[in-house]
Amino acid sequence: MSVRAAGFIIYRKVFGCVEYLFMQASYAGKHWTPPKGHVDAGEDDLQTAIRETQEEAGLENETHYIIDMNFRRELQYMVKDRPKTVMYWLAELRAGLDDPVRLSEEHVAHRWLPLQEAVALQGFQEMTRLLQECERYIQDKE
Ligand SMILES: Nc1ncnc2c1ncn2[C@@H]1O[C@H](COP(=O)(O)OP(=O)(O)OP(=O)(O)OP(=O)(O)OC[C@H]2O[C@@H](n3cnc4c(N)ncnc43)[C@H](O)[C@@H]2O)[C@@H](O)[C@H]1O
């Protein structure tokens, strides 16, 4: 059976430059991902994304970021021989907030990074494609 998770690709704009939020897991390979987590029973994907982002990054929907409901993408990869599906929405940090992220014990560090640095840091092929798509989408919106 497939594992299901959901989260947000959260970006902020600093002097016109787009920067994406990545957080480093405190366990195992200490990999970097956007805020996301497993979908609990009775939750829909969007509820999960909002809950996990609050739990993992201390960011509240509306107060700290605005969700773009027009940009939703599904990532798929294998974890320990099981398929995992992660639903991501794009979300923008509210202007003027700088860095309100407050990490839980699940993560040891976070960074706001422009596209190329985010791509290099996280290193996953499907996430790279998704970030490139986000970048084009954000540019087209402006
Ligand atoms: N090894 C471990 N030791 C101790 N506690 C653990 C643990 N793994 C999970 N936990 C605990 O489980 C909970 C996780 O729950 P949640 O917080 O609810 O779920 P998650 O973000 O989806 O978890 P995870 O980190 O496992 O998933 P990811 O897909 O990023 O990562 C899963 C794998 O996929 C890889 N991966 C991540 N993104 C990928 C991508 N885009 N493409 C390919 N592989 C990717 C990662 O490198 C990683 O190997 C946490 O409380 C944590 O403490």
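A brief look at the structure comes next. Along each chain, numbering runs from 1 in the same order as the chain's sequence is written. Totals for whole chains, interfaces and linings use all residues, but because this is a predicted model, local features are given only for residues with pLDDT of at least 70 and pairs of side-chain atoms are given and counted only at 80 or more. Hydrogens and water are ignored here; the side-chain numbers use all heavy atoms of the structure.

## So, the site of the ligand
- For this purpose, a residue is taken to be near a molecule or strand whenever a single non-hydrogen atom of the residue falls within 4 Å of it. In the vicinity of the ligand lie 15 residues, with Tyr27, His31, Lys36, Tyr77 and Lys84 positioned nearest.
- Within 3.5 Å is the distance limit for a polar contact, defined as a pair of N or O atoms, with the added protein rule that one can donate a hydrogen and the other accept it, and that residues adjacent in sequence qualify only through two side-chain atoms. Within the side chain of His31, one N or O atom sits 2.8 Å away from an oxygen atom of the ligand.
- In this structure, Tyr77 approaches the ligand through a side-chain N or O atom, which is 2.5 Å from an oxygen atom.
- All accessible-area figures derive from a Shrake-Rupley calculation using a 1.4 Å probe, and residue coverage is judged against the displayed protein chains alone. Against a free-state accessible area of 930 Å², the protein chains account for coverage of 66% of the ligand.
- Lining residues are defined by having an atom within 4 Å of a point belonging to a cavity or pocket. Those points lie on a 1 Å grid over the protein atoms alone, cavities being sets where a 1.4 Å probe fits but cannot get out and pockets being open sets with protein on both sides within 12 Å along at least five of seven lines. Assignment to a cavity or pocket requires that more than half of a molecule's atoms be within 2 Å of the site's grid points. Given that more than half its atoms are within 2 Å of the pocket grid, the ligand belongs to the largest pocket.
- Breaking the shell around the ligand down by element, the ones donating at least two residues are strand 4 (36–38), helix 1 (45–57) and strand 5 (65–79). Here a strand is any run of E in DSSP of at least two residues, a helix any run of H or I of at least four, and the numbering for each starts at the N terminus.

## Quick notes on unusual backbone geometry
- Although it is not a glycine, Lys30 sits at a positive phi angle of roughly 50 degrees.
- Note on exposure labels: buried denotes an accessible area under 20% of the residue type's maximum, exposed denotes more than 50%, and partly exposed covers the range between, all computed with a 1.4 Å probe on protein chains only. Residue classification places Lys30 among the partly exposed positions, given a relative accessible area of 39%.
- Of note, the phi angle at Glu62 is positive, near 75 degrees, even though the residue is not glycine.
- Looking at the element boundaries, Glu62 is found in the loop between helix 1 and strand 5.
- The class of Glu62 is partly exposed, set by a relative accessible area of 48%.

Keep in mind these numbers describe shape, not what the thing actually does.
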